[in-house]
Amino acid sequence: MKQNVKRAIAVALLAASVFAGTNGIAAHKTAQDPSPAIVIAPAGNAAARFADRVDAILAPPTVNKGEWGVLIVDAATGEILYAKNTDSYFVPASNMKLLTTALALDTLGTDYRFRTTLETNGKLVQGVLRGDLVLVGRGDPNLSNRKFPYNTKEEFDGPPEKVLVELCDQFVARGVKQISGDIIGDDSYFPRERYPDGWEIDDMVWEYGAAVSAIVLDDNTVTLTLTPGRRIGGLTQANVEPRSAEFVVKNETTTIVAGDKEKSDLRLTREPGSQTVVISGGLPLGSAPRRLILAIQEPAQHAATLLAKLLAEHGVKFRGKIRTIHEPDPAENKRTVLAEHFSLPLGDTVELVNKISQNLHAEVLLRTAARQQGSWATPEDLPKFPEAFYAKAGIAPGDVIQTDGSGLSRHDMVTPRAFVALLRFAQKQPWFAAYFVSLPVSGIDGTLNERMKNAGVSGRIHAKTGSVTHVRALSGYAETPSGRRLIFSFLTNNQAAKGHEIHDAIDSLCLAMLEEFNAAPLAEKAP
């Protein structure tokens, strides 16, 4: 222990020269930043004890083969309590959403509302719309039946196309009986880039990799429900809701004996761009139906198709085409608005994004914020927009390499000190209350609802999780029993261990942090 205390004292004397940067976070790596870790704190036992606990937590072979970045600071003073690989790059996974949601709140404000409209380039004459009907999306991520405000878990009310039905009601209330033109889905508000650089082919099949569009109808997904047959060997029933021409299901699943684990796994394949989904495997006889949430590849086309179906159900006749607009229409300013929908305030949207880690919603927040300065020419130009905000937040130049807004891209790279700088900046902003409440709370809600439920940690960690293959992350705020607030970032890459083993290590770091840095150290008395 004496050796550890001497290490803490020695490192404390070097603190001023090693860490000189904005918000008290290291701006440059120097020869005094040794590996594997350094402790920056006033002389005392807390820093040394925490360093010992970190060494023990990260020692098992299940977790020590990967790279770890750890940074903890006092939220009030910026004092660095512990630092390990703070200026090294890590793939951040969904910790990227911390940057994106802060950017959106700072750029748009907590009261910003998205606007979705039904418009026409024609005229309404005696119940006939002589022209096209255009559904215009502007990035509202919640054109769905999701209930707000978020309250510990997701809740839904009514059909998934609920908002689209409301727009149809407004439209029909004008006395429309027939449309002579086309029904169009217009998602040109964002330049077309359905899949950011660094997303993988497998991502695009499932809801977490749904195509990015200015039209987001029910998270740009459909639900495939598989129900076992009435006898062993019989085919299962496959049903897609809402029905979409984009999905042709080739169902090869069968009903199997309960407990037959070798055949019970379901396998789904879909080639990029293909409309055919092949599902195989087995469902046990008498088992509950299985629901698979699948991603839409052409959101604007899907939304326009569903709009046409809903209008037909409202008694509106239509013989034109169903088509899309992906490029800005020079005549769009001459259109007449026939129905419109305004979203809930942005603060509610941000809370959902961070609580459940919603990738598509994060992507549209990035694009909506960037769109306030006009359109961008190429996908490579989009990640340049946040740079001014990152500089304002005190993030060192080059500490964020960004290719998307959600963190699903494996090409994103961020340093631990970048996240800590952002979190320190955020707590001084007028939008901080909305930002803080959006973070999952240990043992209570969001992606932390089943983690750190034990006494002493439950309710004290407000942080964003992150997870892609070989990557785990947790960054946010910790509230100690004494009332001290800490800011931390724990990032790890190149992990081959099981997910729960990495989570256990991160959760143990949280417990150690709360216990060892519970109170700010008192000044030492002179001898």
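Per chain, residue numbering runs from 1 following the sequence as it is written. Given that this is a predicted model, residues contribute local features only at a pLDDT of at least 70 and side-chain atom pairs are listed and counted only at 80 or more, while totals for whole chains, interfaces and linings are drawn from all residues. Excluding hydrogens and water, the side-chain values take into account all heavy atoms of the structure.

Colleague: Where do I start with the packing of helix H3 (residues 96-108) against helix H10 (residues 416-426) in this structure?
Modeller: Each pair of packed helices can be described by the angle between their axes along with the distance between the axes. Angles run from 0 to 180 degrees between N-to-C directions of axes, and those axes are lines fitted to C-alpha atoms, restricted for helices to the stretch in contact. Per the convention used, a helix needs a DSSP run of H or I reaching at least four residues, while a strand needs a run of E reaching at least two, with both numbered from the N terminus. One can describe the packing of H3 onto H10 by two numbers: an axis separation of 10 Å at closest approach and a directional angle of 30°. The handedness of the crossing between H3 and H10 comes out as left-handed. Side by side, H3 and H10 meet where Met96, Leu98, Leu99, Ala102 and Asp106 of the first sit next to Phe419, Leu422, Leu423 and Phe425 of the second. Here the contact of H3 with H10 is composed, by residue class, of 8 nonpolar, no polar and 1 charged. It is the rotation of the near helix from the far one that decides the hand of a crossing: anticlockwise by less than a right angle makes it left-handed, clockwise makes it right-handed. A contact between two residues is defined here by any heavy atoms of the two lying within 4.5 Å. Side-chain classes are defined by residue name, with Ala, Val, Leu, Ile, Met, Phe, Trp, Tyr, Cys and Pro counting as nonpolar, Asp, Glu, Lys and Arg as charged, and the others, Gly among them, as polar.

Colleague: Could you clarify how one ought to interpret the pairing of strand E9 (residues 221-227) in this entry?
Modeller: In regular strands, side chains alternate between the two faces of the sheet. Of all 7 residues in E9, 5 are buried; the element is thus mostly enclosed. Pairing of E9 with strand E14 (residues 290-295), which is carried by 6 bridges, proceeds in the antiparallel orientation. Counterpart to Leu226 in the pairing with E14 is Arg290. Note that E9 and strand E10 (residues 237-241) share 5 bridges and pair antiparallel. Along E10, the bridge assignment pairs Thr225 with Asn239. Only protein chains enter the accessibility calculation, which uses a 1.4 Å probe. A residue is then buried if its area is under 20% of the maximum for its type, exposed if over 50%, and partly exposed in between. When DSSP finds at least two bridges between two strands, those strands are taken to pair.

Colleague: Looking at this structure, I do not really get H3. What am I missing?
Modeller: Structural remark: α-helix, 3.6 residues per turn; residues separated by three or four positions point the same way. Multiplying one less than the number of residues by 1.5 Å gives the expected span of a helix. Compared with the 18 Å implied by 1.5 Å per residue over 13 residues, the 18 Å span of H3 between its first and last C-alpha is a close match. Among the 13 residues that make up H3, 11 are buried, leaving the element largely enclosed by the rest of the structure. Considered for burial, the residues of H3 that qualify are Met96, Lys97, Leu98, Leu99, Thr100, Thr101, Ala102, Leu103, Ala104, Leu105 and Leu108. Two residues or fewer after H3 comes Gly109, characterised by a positive phi angle close to 90°.

Colleague: Would you mind showing me how to read helix H6 (residues 299-313) here?
Modeller: In a regular helix each residue adds 1.5 Å, so 15 residues correspond to 21 Å; H6 covers 21 Å between its end C-alpha atoms and thus fits that length. Looking at H6, one finds that the buried residues are Pro299, Ala300, His302, Ala303, Ala304, Leu306, Leu307, Ala308, Leu310 and Leu311. Positioned one or two residues after H6, Gly315 has a phi angle of 90°, which is positive.

Colleague: Any chance you could explain the sheet that holds strand E17 (residues 336-342) here in plain terms?
Modeller: To summarise the sheet geometry, strands pair through backbone hydrogen bonds and adopt either a parallel or an antiparallel arrangement. If you walk across this open sheet you meet the 5 strands as E16-E8-E6-E3-E17, and the pairing is mixed. At either margin of the open sheet sits one strand with a lone partner, and together these are strand E16 (322-325) and E17. Adjacent strand axes in the sheet meet at a mean angle of 20°, parallel and antiparallel pairs treated alike. Bridge count for strand E6 (residues 133-136) against strand E8 (residues 183-186) is 4 bridges, and the pairing is parallel. Looking across to E8, one finds that Val136 is bridged to Asp186. Sheet contacts for helix H4 (residues 162-172): strand E3 (115-120), E6 and E17; angle to E17, the most-contacted strand, approximately 145°. On the sheet, H6 packs against E3, E6, E8 and E16 and is oriented at approximately 140° with respect to E16.

Colleague: Looking at this model, I keep getting lost on the nonpolar core. Mind explaining?
Modeller: Nonpolar side chains in soluble globular proteins generally cluster together in the buried interior. We call a set of buried residues a nonpolar core when its members are Ala, Val, Leu, Ile, Met, Phe, Trp, Tyr or Cys and they connect through side-chain atoms within 4.5 Å of each other. Leu99, Leu346, Ile395, Val400, Leu422, Tyr435 and Tyr477 are the most contacted members of the largest nonpolar core, which has 68 residues in total. Ala51, Tyr82, Ile502 and Ala512 belong to the second largest nonpolar core, which has 30 residues in total.

Colleague: Honestly, the side chain of Asn145 in this entry has me stumped. Any pointers?
Modeller: Looking at where Asn145 falls in the secondary structure, it is placed in the loop between E6 and H4. Accessibility expressed as a relative area gives 8% for Asn145, which makes it buried. Pairs of N or O atoms are called polar contacts if they sit within 3.5 Å, as long as, within protein, a hydrogen donor faces a hydrogen acceptor (for residues adjacent in sequence, only side-chain-to-side-chain pairs). A polar side-chain atom of Asn145 sits 2.6 Å from the main-chain carbonyl oxygen of Gly158. Ignoring anything within four residues of it in the chain, the contact list for Asn145 reads Glu155, Phe156, Asp157, Gly158, Pro159, Pro160, Lys162 and Asp218.

Colleague: Would you take a moment to explain the packing of H3 against helix H8 (residues 359-371) for this structure?
Modeller: Contact geometry of H3 with H8 gives a least axis separation of 9 Å together with a crossing angle of 40°. Classified by the angle their axes make, H3 and H8 are oblique. For the crossing formed where H3 meets H8, the hand is left-handed. Across from Lys97, Thr100, Thr101, Leu103, Ala104, Thr107 and Leu108 in H3, the residues of H8 making contact are Asn359, Ala362, Leu365, Leu366, Thr368 and Ala369. Along the lines of polarity and charge, the residues of the contact of H3 with H8 split into 7 nonpolar, 5 polar and 1 charged. Working rule for angles: under 35 degrees goes down as roughly parallel, over 145 as roughly antiparallel, 65 to 115 as roughly perpendicular, anything else as oblique.

Colleague: What is the right way to look at the packing of aromatic side chains in this model?
Modeller: Remark: the centre distance and the inter-plane angle together describe each pair of aromatic rings, the angle taken between the planes. We call Phe, Tyr and Trp rings a pair once their centres come within 6.5 Å, taking the six-membered ring for Trp, and we label the pair stacked below 30 degrees between planes, edge-to-face above 60, and tilted otherwise. Scanning all chains against the criterion turns up 14 aromatic pairs. Where Tyr195 meets Trp199, the ring centres are 6.4 Å apart and the plane angle is 55°; that geometry is what we call tilted. Taking the relative accessible area as the measure of exposure, Tyr195 reaches 18% and is therefore buried. Taking relative accessible area as the criterion, Trp199 reaches 8% and is therefore assigned buried. With centroids separated by 5.5 Å and ring planes inclined at 85°, the aromatic side chains of Trp431 and Tyr435 adopt a geometry described as edge-to-face. According to the relative accessible area criterion, Trp431 is buried, its value standing at 5%. The class for Tyr435 is buried, based on a relative accessible area of 0%. Through a chain of ring-to-ring contacts, the aromatic side chains of Phe389, Tyr390, Phe425, Trp431 and Tyr435 assemble into a single cluster. Charges are assigned to positions over rings by a cutoff of 6 Å between ring centre and Lys NZ or Arg CZ, combined with an angular limit of 35 degrees from the ring normal. Geometry around Phe247 places Arg270 over its ring, the cationic atom sitting 4.4 Å from the centre. Between Arg371 and the ring centre of Tyr189, over which it is positioned, the NZ or CZ distance is 4.4 Å.

Colleague: Sorry, what's going on with the pattern of salt bridges here?
Modeller: Side-chain pairs of opposite charge can arise where the charged atoms are in close proximity. Criterion for a salt bridge: a side-chain nitrogen of Lys or Arg within 4 Å of a carboxyl oxygen of Asp or Glu. One pass over the structure, following the stated rule, counts 30 salt bridges. Here Glu200 ties to Arg410 by a salt bridge, and the two come within 3.6 Å at their closest N and O atoms. Of the two residues, Glu200 is situated in the loop between E8 and E9 and Arg410 in the loop between strand E18 (400-401) and strand E19 (413-414); the sequence distance between them amounts to 210 residues. Note on Arg410: relative accessible area 24%, which makes it partly exposed. Two residues, Glu313 and Lys309, come together in a salt bridge whose shortest N-O distance is 2.7 Å.

Colleague: Looking at this model, I keep getting lost on the sheet that holds E10. Mind explaining?
Modeller: Taking strand neighbours across the sheet as the criterion, the 3 strands line up as E10-E9-E14 in an open arrangement whose pairing is antiparallel. The open sheet has two edge strands, E10 and E14, and neither has a second partner. Direction aside, the axes of adjacent strands within the sheet are offset by 25° on average.

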